[in-house]
Amino acid sequence: MKQPRAWQRMLSGRRLDLLDPTPVDIEIEDIAHGLAFVARWNGQTRGDFPYSVAEHSLLVEQIFTLMNPDAPAKWQLAALLHDAPEYVIGDMISPVKSAVGPEYGALDDRLAAAIHIRFGLPAHVPVVVKKKIKAADKVSAWLEATQIAGFTKSEADKFFGRQNPDLIAGLDLRLRPPVEVRYDFTARHEVLLALLS
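Quick caveat, the model's predicted, so the values are computed rather than measured.

Trainee: Got a sec to walk through helix H2 (residues 53-67)? Specific residues and values, please.
Mentor: Here H2 is 15 residues long and its end C-alpha atoms lie 20 Å apart, about the 21 Å a rise of 1.5 Å per residue gives. Those residues of H2 that fall on the buried side of the exposure criterion are Val53, Ala54, Glu55, His56, Ser57, Leu58, Leu59, Val60, Glu61, Ile63 and Phe64. Residues of H2 that are buried in the fold lie against helix H1 (28-36), helix H3 (73-80), helix H4 (86-89), helix H7 (127-147), helix H9 (165-168) and helix H10 (178-196).

Trainee: So what about the nonpolar core? Which residues, and what values?
Mentor: Within the largest apolar cluster, 57 residues are counted, with the highest numbers of intra-cluster contacts made by Ile31, Leu81, Tyr87 and Phe185. If one sorts the elements of this core by residue count, H7 sits on top with 8 residues. Not counting residues within four places of it along the chain, the set of residues in contact with Phe185 comprises Ile28, Ile31, Ala32, Leu35, Ala54, Ser57, Leu58, Leu80 and Leu81.

Trainee: Before we move on, could you go through the packing of aromatic side chains and cite the residues and values that matter?
Mentor: Under the defined criterion, the tally for this structure stands at 5 aromatic pairs. For the ring pair Phe159 and Phe160, a centre distance of 6.4 Å and an interplane angle of 55° mean the geometry is tilted. Here a set of aromatic residues connected by ring pairs shows up, and it is made of Trp41, Phe151, Phe159 and Phe160.

Trainee: Can you tell me about H10, naming the residues and giving the values?
Mentor: Spanning 19 residues, H10 covers 27 Å between terminal C-alpha atoms, matching the ideal 27 Å at 1.5 Å per step. For H10, the complete set of buried residues consists of Pro178, Val181, Phe185, Thr186, His189 and Leu192. For H10, the buried positions fall inside an angular range of 130° around the axis, keeping them on one side. Among the exposed residues of H10, those oriented more than 90 degrees off its buried face are Tyr183, Glu190 and Leu195. Structurally, H10 contributes buried residues whose contacts are with H1, H2 and H3.

Here is what the cut-offs are and how they apply
Residues numbered from 1 in each chain as written. Predicted model: local features only at pLDDT ≥ 70, side-chain atom pairs only at ≥ 80, totals over all residues. Heavy atoms only, no water. Helix = DSSP H or I, 4+ residues; strand = E, 2+ residues; numbered from the N terminus. Expected span 1.5 Å × (residues − 1). Buried < 20%, exposed > 50% of the residue type's maximum accessible area, 1.4 Å probe, protein only. Contact = heavy atoms within 4.5 Å. Core = buried A, V, L, I, M, F, W, Y, C linked by side-chain atoms within 4.5 Å. Phe/Tyr/Trp six-rings, centres within 6.5 Å; stacked < 30°, edge-to-face > 60°. Arc of directions from axis to C-beta.

Structure, rendered in structure tokens:
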């Protein structure tokens, strides 16, 4: 019996094996392009453009840096890339992830490890850093929920926790064309990568 195809051709020409990804087949341009076209909240957001995972990733890295001003560039980069596997597996809302089961998490972990190695990070981010990135991710989710996804502040508090008003002051979401977000994601990646060397 013929095995099903388990790879995806990227716009860079790379052929990424989803079951056994290797760092050599990962390019930041592919990640930025893919994430700029993946909508958060299953596309159920206000505005003329979807709120993309690339935009979310930029915000999470910004919040992570605000919350952890002494964090080294490598952990800022890890924050920027925290959802990078979604450039090939998409962004599933939590209830769907639960329904799919542990296979989704295993696939996400394999892709994340290859991405991290490709850009000079450890395959697995230390738990203490992951928790700090997750905290920034929750702040981002709260902002997204209240500003563009139709949640009341009390609903967002229930699901994502109450937020520090000083931290979120001035963090207003912008919905932009994918080409702009893709450019900014790639540019931020280049800045952080340069700080690693």
